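Per-entry structural report
Residue-level listing of the chains:
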Amino acid sequence: MNAIETSGLCRSFSRGRVRAVRDVSLAVPAGAVFGLVGKNGAGKSTLLKLIAGLMRPSSGTVSVLGQRLAPGESHPRLGALVEAPAVYGRLDAFENLMNRALVLGLPDPARACREALAAVGLPERMAGDGRRRALWPRGTYVDDLSSGQRQRLGVALALIGDPEVLLLDEPLSGIDPTDATEIRALIARLSRERGVTVVMSSHVLADLERICTHFGVMRAGELARTLTTAELTDACATYLTLRTDAPERAVAVLAEELPGLAVRVLPDGVLRVSAPGGGEPDRTVLAQALLAAGIAVTELSVSEPDVDAELVRLIDEPPAEKDR
């Protein structure tokens, strides 16, 4: 079952001259932690707004938890933090959370607020002298909080109402490394223990790599590719790249002489060769097999695993000819 589905989703601005989201058809499995990656302006935030019901699409449909939503409609079991947290600057943190809880009509709003604050580690902290002190005393305006504190408040707001789906746009932005670790652990725990589906974006690819089960690559408003963590890991496995004077013959020779190897011809004629289990193929044996068949190897190199580099490559990959 998919927790989120979009079909042909588009959003244009400036009377159609700017297409921020272009024909996005997305399926996010229930319980997944889906990482949305792409450059600034790729359409990530706009896509999240469309799914959250914060913006009406120009065309296309959005379904959340099996319910097809009307344009601009928000699902009651969805929580979202998109761009800056929507807060009242002259209220304190608890009052902001209470406002959200009352709008949702929760039966025990005060308890829901305390639980949301506790989930993101905000109620209190151990001071250097060993005493517990309130991190945000009542009466401290949100306008007076640091950017990191405001960001964590935004995550707490998204958690009000115990949502089944969470949309988090740059949730770790402006947060120090210790707090970022806590938020990542929270996201992983929500998915693992409660089955919450999370879609999150981040400019720090390592943040996504550590917790995501699926990835979506946004490029120029389009969803260029989706892949699972296993597929990404496979793409990052150690492999050999080699050039020969007869790539098609080389594939046939390697399939016959070294059947355990996975061989693929890339669009530029380069061969990518990987061993079972992601290990490095034996370069000497491979070269000897090709030379024995009269095939010259003109270039041979080793590619080491690097998830960040692979994601960057996918983000920077030029669009297909049909998209130009």
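Heads up: the structure comes first, above all this text.
Let us look at the structure shown here. Owing to the predicted nature of the structure, the values given are computational and were not obtained by experimental measurement.

Neighbouring strands of a sheet are bound in pairs by backbone hydrogen bonds; such pairs are parallel or else antiparallel. On the basis of which strands lie adjacent, the open sheet formed by 4 strands has the order β2-β1-β4-β5 and antiparallel pairing. Across the chains shown, the open sheet's two edge strands, defined by having one partner strand only, are β2 (18–29) and β5 (67–69). Each strand of the sheet is rotated relative to its neighbour by a mean of 25 degrees, with strand direction disregarded. One ladder, built from 8 bridges, connects strand β1 (residues 2–13) with β2; its direction is antiparallel. Paired with Thr6 across the bridge in β2 is Leu26.

Looking now at empty space enclosed by the protein. For the structure shown, the criterion picks out 1 cavity of 30 Å³ or more. What the largest cavity holds in volume is close to 40 Å³. Those elements that provide at least two residues to the lining of the largest cavity are β6 (78–81) and α2 (93–104). The residue inventory of the lining of the largest cavity, partitioned by class, reads 5 nonpolar, 2 polar and 3 charged.

Two residues of an α-helix separated by three or four positions point the same way, owing to the 3.6 residues in each turn. The end-to-end C-alpha distance of α2 is 17 Å, a good match for the 16 Å that 12 residues give at a rise of 1.5 Å each. Looking at α2, one finds that the buried residues are Ala93, Phe94, Asn96, Leu97 and Ala101. All buried residues of α2 fall inside an arc of 160 degrees around its axis, so they share one side. Exposed residues pointing more than 90 degrees away from the buried face of α2 are listed as Leu102 and Val103. Contacts from the buried residues of α2 go to α3 (109–119) and α4 (147–159). Downstream of α2 by one or two residues, Gly105 has phi in the positive range, about 70 degrees.

This part is about the sheet that holds strand β12 (residues 222–228). With mixed pairing, the 6 strands of this open sheet are ordered in space as β6-β9-β10-β3-β11-β12. Strands at the two margins of the open sheet, each flanked by one partner only, are β6 and β12. Taking the axes of each pair of neighbouring strands and ignoring which way they run, one obtains an average angle of 15 degrees across the sheet. Lying over the sheet, helix α10 (residues 307–316) contacts β3 (33–37), β11 (214–219) and β12, oriented at roughly 35 degrees with respect to β11.

What counts, and at which threshold
- Residues numbered from 1 in each chain as written.
- Predicted model: local features only at pLDDT ≥ 70, side-chain atom pairs only at ≥ 80, totals over all residues.
- Heavy atoms only, no water.
- Pairing = 2+ DSSP bridges.
- Helix = DSSP H or I, 4+ residues; strand = E, 2+ residues; numbered from the N terminus.
- Axes fitted to C-alpha atoms, helices over the stretch in contact; angles between N-to-C directions.
- 1 Å grid on protein atoms, 1.4 Å probe; cavity = no way out; pocket = protein on both sides within 12 Å on 5 of 7 lines; lining within 4 Å.
- Points joined across faces, edges and corners; volume = space filled by probe spheres on them.
- Nonpolar A, V, L, I, M, F, W, Y, C, P; charged D, E, K, R; others polar.
- Expected span 1.5 Å × (residues − 1).
- Buried < 20%, exposed > 50% of the residue type's maximum accessible area, 1.4 Å probe, protein only.
- Arc of directions from axis to C-beta.
- Contact = heavy atoms within 4.5 Å.

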